[in-house]
Amino acid sequence: MLKGQEIVKNRRETIQALNQAAAAELQAAFRYLFLSHYATGFHGQQVAEKFAAMAKEEWEHTSELMERIVQLGGTPFQKLSEAEKLSFSRTPPPPKNPTDWKKMVKDSLQGERDAIEFYRKLMKVVHDDPVTNHLIRETLEDEVKDEHDLAGLLE
Ligand SMILES: [Fe+2]
Ligand SMILES: [Fe+2]
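Only a predicted model underlies this, so the values are computations on that prediction, with no experimental measurement involved. (Residues numbered from 1 in each chain as written. Chains lettered and ligands numbered in written order. Predicted model: local features only at pLDDT ≥ 70, side-chain atom pairs only at ≥ 80, totals over all residues.)

## Digging into the nonpolar core
Going by this rule: By definition, a nonpolar core groups buried Ala, Val, Leu, Ile, Met, Phe, Trp, Tyr and Cys residues that are joined through C-beta atoms within 7 Å. Burial is judged by counting the other C-beta atoms within 10 Å of a residue's own C-beta: 20 or more makes it buried, 12 or fewer makes it exposed, and any count in between marks it as partly exposed, with every C-beta position built from the backbone. Every helix listed is a DSSP run of H or I at least four residues long, and every strand listed is a run of E at least two residues long, numbered separately from the N terminus. By the criterion used throughout, residues are in contact when their C-beta atoms, derived from the backbone, lie within 7 Å.
Ranked by size, the top nonpolar core spans 32 residues in total, and within it Leu18, Ala21, Ala22, Tyr32, Ala39, Val47 and Phe51 carry the most contacts. The biggest single contributor to this core is helix 2 (residues 11-38), with 12 residues. Setting aside chain neighbours within four positions, we find alanine 21 in contact with Leu65, Phe88 and Phe118.

Below, the structure written as structure tokens:
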């Protein structure tokens, strides 16, 4: 076993949690990408730009989480169909009306809050593992910013 894996006490639990996170991030990336093209109307355009930026960011989170899973000696989930079961977040389907940007933003806020809650708890699980801790802290910072920006769109 690698030294970098040996120093992580609850490796199994960490890998499992990182897989749940990677699944949620992948779903969020897809959802935001979809919304960035789906949202229309005067305000919808502005909101679509934020969704496009977040899609890229959540995709990056997915990648970083998968990288860490492999470093720890784990295997990231391999099928898209697994992501739904693994994900820590359940966001509702997009509104029927593509001009209903408010509903899109409100549902997205819920997703970001689920992420903030999950990562906050995960920080405790990985407090002994500085590498994962650093990754989760940075990811959490991004989600806090997302929540703040999304909330701002509703003002
Ligand atoms: Fe994320
Ligand atoms: Fe986010």
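## With respect to the environment of glutamate 82
Within the secondary structure, glutamate 82 is located in helix 4 (residues 80-86). The exposure class assigned to glutamate 82 is partly exposed, which follows from the 14 C-beta atoms found within 10 Å. The residues contacting glutamate 82, other than those within four sequence positions of it, are Ala23 and Phe77.

## What about helix 6 (residues 130-153)?
Note the threshold: Expected span, for any helix, means 1.5 Å times one less than how many residues it has.
With 24 residues, helix 6 extends 35 Å between its outermost C-alpha atoms, agreeing within 8% with the 34 Å of an ideal straight helix rising 1.5 Å per residue. When helix 6 is considered as a whole, its buried residues turn out to be Thr132, Leu135, Ile136, Thr139, Glu143, Asp146 and Leu150. Residues of helix 6 that are buried make contact with helix 2, helix 3 (42-71) and helix 5 (101-125).

## A look at the packing of helix 3 against helix 5
Applicable threshold: To get an axis, fit a line to the C-alpha atoms, keeping to the stretch in contact for a helix; angles then go from 0 to 180 degrees between the N-to-C directions. Note that the term roughly parallel is reserved for angles under 35 degrees, roughly antiparallel for angles over 145, roughly perpendicular for angles of 65 to 115, and oblique for everything else. Here the nonpolar group is Ala, Val, Leu, Ile, Met, Phe, Trp, Tyr, Cys and Pro; Asp, Glu, Lys and Arg are the charged ones; every other residue, Gly included, is treated as polar.
Relative orientation of the contacting elements helix 3 and helix 5 amounts to 30°, with a least axis distance of 9 Å. Judged by the angle between their axes, helix 3 and helix 5 are roughly parallel. Here His43, Gly44 and Val47 of helix 3 lie close against helix 5, whose contacting residues are Trp101, Met104 and Val105. Within the contact of helix 3 with helix 5, the residues separate by chemical class into 4 nonpolar, 2 polar and no charged.

## Considerations on the packing of helix 5 against helix 6
Heads up, the rule is: Left-handed describes a crossing whose near helix is turned anticlockwise from the far helix through less than a right angle; right-handed describes the clockwise counterpart.
Two elements in contact, helix 5 and helix 6, have axes separated by 9 Å at closest approach and are oriented at 155°. Judged by the angle between their axes, helix 5 and helix 6 are roughly antiparallel. For helix 5 against helix 6, the interelement crossing comes out left-handed. Across the interface between the two elements, Val105, Ser108, Leu109, Glu112, Arg113, Ala115, Ile116, Tyr119, Arg120, Leu122 and Met123 from helix 5 touch Asn133, Ile136, Arg137, Thr139, Leu140, Glu143, Val144, Asp146, Glu147, Leu150, Ala151 and Leu153 from helix 6.

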